[in-house]
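Breakdown of the fold
Okay, here's what each chain looks like letter by letter:
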Amino acid sequence: MIEHCNKLHVMDHPLIQHKISCLRNIETNTKDFRQLVSEIALLIGYEATRELPLVPREIETPICKTMGGFLEKQVCLVPVLRAGLGMVEAMLNLLPAARVGHVGLYRDPKTFEPVEYYCKVPPDIADRIAIILDPMLATGGSSVAAIKCLKDRGATRIKMMNIIGVPQGVEKVLSAHPDVDIYLGALDEKLNEHNYIVPGLGDAGDRLFGTL
Ligand code: PRP
Ligand code: URA
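One structure accompanies this document, and this report is about it. Here the structure is a predicted model, which is why all the values come from computation and not from measurement.

1. Quick word on unusual backbone geometry
Cis geometry marks the peptide bond from leucine 81 to arginine 82, where omega comes out at 0°. Along the chain, arginine 82 falls in the loop between strand E4 (75-81) and helix H3 (88-94). Cis peptide bonds are those with omega within 30 degrees of zero, and the linkage from valine 198 to proline 199 qualifies with 0°. By the secondary structure assignment, proline 199 is in the loop between strand E13 (197-198) and helix H6 (204-209). With a phi close to 65°, phenylalanine 112 is a non-glycine residue in the positive phi region. Here phenylalanine 112 is to be found in the loop between strand E6 (102-107) and strand E7 (114-120).

2. Some remarks on the nonpolar core
Side chains of a nonpolar character, in soluble globular proteins, are inclined to be buried together. In terms of nonpolar packing, the biggest core is built from 37 residues, with Leu23, Ile44, Leu77, Ile131, Leu133, Met161 and Ile163 touching the most fellow members. Elements represented by at least two residues in this core include exactly helix H1 (14-24), helix H2 (30-48), E4, H3, strand E8 (129-133), strand E10 (157-165), strand E11 (181-187) and H6. Looking at which element gives the most residues to this core, the answer is H2, with 7 residues. What leucine 23 contacts, discounting residues up to four positions off in sequence, is Phe33, Leu36, Val37, Ile40, Ile163, Leu201 and Arg207.

3. Observations regarding helix H5 (residues 167-176)
Buried within H5 we find Gly169, Val170, Val173 and Leu174. On an axial view of H5, the arc spanned by its buried residues comes to 125°, and they lie on one face. The secondary structure elements touched by the buried residues of H5 are strand E1 (8-10), strand E9 (136-137), helix H4 (141-152), E10 and E11.

4. Examining the site of ligand 1
Surveying the vicinity of ligand 1 reveals 15 residues, the closest of which are Arg82, Arg107, Asp134, Thr139 and Ser142. At 3.4 Å, a backbone N or O of alanine 83 approaches an oxygen atom of ligand 1. In the model, an oxygen atom of ligand 1 is placed 2.5 Å from a nitrogen or oxygen of the serine 142 side chain. Contact with the protein chains covers 91% of the free accessible surface of ligand 1, which is 500 Å². Elements with a minimum of two residues in the shell around ligand 1: E6, E9 and H4.

Basis of the calculations
Residues numbered from 1 in each chain as written. Chains lettered and ligands numbered in written order. Predicted model: local features only at pLDDT ≥ 70, side-chain atom pairs only at ≥ 80, totals over all residues. Heavy atoms only, no water. Helix = DSSP H or I, 4+ residues; strand = E, 2+ residues; numbered from the N terminus. Core = buried A, V, L, I, M, F, W, Y, C linked by side-chain atoms within 4.5 Å. Buried < 20%, exposed > 50% of the residue type's maximum accessible area, 1.4 Å probe, protein only. Contact = heavy atoms within 4.5 Å. Arc of directions from axis to C-beta. Near = heavy atom within 4 Å. Polar contact = N/O pair within 3.5 Å; in protein donor to acceptor, adjacent residues only side chain to side chain. Areas by Shrake-Rupley, 256 points an atom, 1.4 Å probe, with all protein chains shown as cover.

Below, the structure is given as structure tokens:
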């Protein structure tokens, strides 16, 4: 049972489930993995951007004048290095005016604690909706650290997009940051003894960049 569950949005679209099944497959090669991560990011991104406010402005169609709704330059995408990079291009296709910040984190292989090595975000992050991109939400340590890194720099409106997560990680994030909305492609069962997601897809960064 996940608390704060109105902040957790698990995708139930068959296109997303089909693509995640292909992504999980050990036979999927690096090129196809990269392509699938991008396609899934776009589909989750469609949901994660559902509540972006529109600014009304008058336009003229070939027929008459009317009011249109427009997105302002209001989003900052924040991929978590490395694997989050695989989700950036698709999101920029949806939101070409978005700024892009970067948070560099890796999990210490012994303690599984996140180690931060980079954080660079636009100076107006406080005025933007930050959307953190990371395919995997496992223990939640990296996500909690990424959110803190953005809050320390002034971000107040934060969403997170992950392709696969587990209840333990979701709980950890929402306990530390109950104001953050999480958009998940799939909610898996559990973590194994190495804190990898089960069934999961293995190491997202390694599969994305061919460093297995
Ligand atoms: C992966 C993944 C997340 C993190 C999730 O990155 O992309 O950032 O693990 O694990 P957690 O929820 O237990 O913190 P990894 O540490 O493998 O770094 P990499 O992308 O540089 O390989
Ligand atoms: N990071 C990954 O890349 N995969 C997992 O299953 C857990 C953390």
